[in-house]
Amino acid sequence: MSKPVIQVTLGDITTVEADAIANAANTSLLGGGGVDGAIHRAAGPELLAECRTLHGCETGKAKITKGYHLPAKYVLHTPGPIWHGGGQGEPALLAGCYRSCLELALAHGCRTVAFPSISTGVYHFPLNLAAPIAVKTVRAFLTEHPEDFDWVRFVCFDETSRAAYELALADN
Ligand code: AR6
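Residues numbered from 1 in each chain as written. Predicted model: local features only at pLDDT ≥ 70, side-chain atom pairs only at ≥ 80, totals over all residues. Heavy atoms only, no water.

Draft legend 1. A look at the environment of L54. Structurally, L54 can be placed in the loop between α2 (45–52) and β3 (63–66). Once the C-alpha coordinates of L54 and I64 are considered, the two residues, ten residues apart in sequence, prove to be 9.0 Å apart. (Helix = DSSP H or I, 4+ residues; strand = E, 2+ residues; numbered from the N terminus.)

Shown next, in the form of structure tokens:
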């Protein structure tokens with residue numbers, strides 16, 4: 001088996017054919033704006049119905065649901081940290097999001113996983129700090145589990161994000 005690869009693309013994560021896509025959720029897991037809203041719209045109302053059974057999720061952790069009308073089989077819902085200046089454990093919490101999602105993906109036999117840029121939208125985590133944390137955490141997890149994944153992809157919604165993740169991938 002060849003080594004799993006980390007990719008960066010520009011696009012809409014709701015169209016990605018992966019075993020699992022991550023959702024930058026909030027702790028209620030009951031939907032919202034941004035990528036969360038887009039995922040719920042594309043998945044259909046069954047997604048919210050399943051989310052209601054989960055009773056929320058802590059920041060930095062993740063919970064899994066089916067993907068319903070999405071091309072992805074599963075959704076990994078993870079509430080990222082809201083940026084408060086960096087002194088409230090935000091970096092460790094953000095790393096926890098990526099790790100928790102990959103742990104769940106592994107437990108469910110998902111070999112292909114796509115992530116949006118967690119916390120860098122309305123939660124205002126600085127992109128230049130978030131991208132290296134994301135890349136480093138994913139890379140460390142894949143190194144620990146070299147046989148279990150084919151690819152992990154960062155699906156960026158704008159060119160600025162794509163450039164930040166490309167840079168982080170090249171630097172790390
Ligand atoms: N595909 C990929 N990325 C997307 C898409 C999409 N379809 N739509 C937006 N993005 P945000 P957060 C990008 O605000 O900062 C919600 O209301 C977006 O451009 O979605 O973690 C939740 O319910 C940005 O780069 O997530 C929470 O309350 C990135 O996704 C809160 O927002 C994350 O932006 C979470 O805030």
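Draft legend 2. Broad picture of the nonpolar core. L76, Y98, V113, F115, V138, F154 and Y165 are the most contacted members of the largest nonpolar core, which has 38 residues in total. Taken together, the elements giving at least two residues each to this core come down to β1 (5–10), β2 (20–25), β4 (74–79), α3 (90–107), β5 (112–115), α4 (127–144), β6 (151–156) and α5 (159–171). Counting residues per element, this core draws most heavily on α4, at nine residues. Here V138 is in contact with I6, Y98, L102, F115, V152 and F154, once residues within four sequence places are set aside. A18, I39, L47 and W151 belong to the second largest nonpolar core, which has 14 residues in total. (Core = buried A, V, L, I, M, F, W, Y, C linked by side-chain atoms within 4.5 Å. Buried < 20%, exposed > 50% of the residue type's maximum accessible area, 1.4 Å probe, protein only. Contact = heavy atoms within 4.5 Å.)

Draft legend 3. Broad picture of the sheet that holds β5. Pairing is mixed across the open sheet formed by six strands, whose spatial order is β1-β6-β5-β2-β4-β3. Pairing within the sheet leaves two strands with one partner each, and these edge strands are β1 and β3. The mean angle between the axes of side-by-side strands here comes to 25°, regardless of whether they run parallel or antiparallel. Summarising the sheet, β5 and β6 pair through four bridges and their orientation is parallel. Bridge pairing links T112 to W151 in β6. Together, β2 and β4 form the strand contacts of helix α1 (residues 34–43), whose direction differs from that of β2 by roughly 130°. (Pairing = 2+ DSSP bridges. Axes fitted to C-alpha atoms, helices over the stretch in contact; angles between N-to-C directions.)

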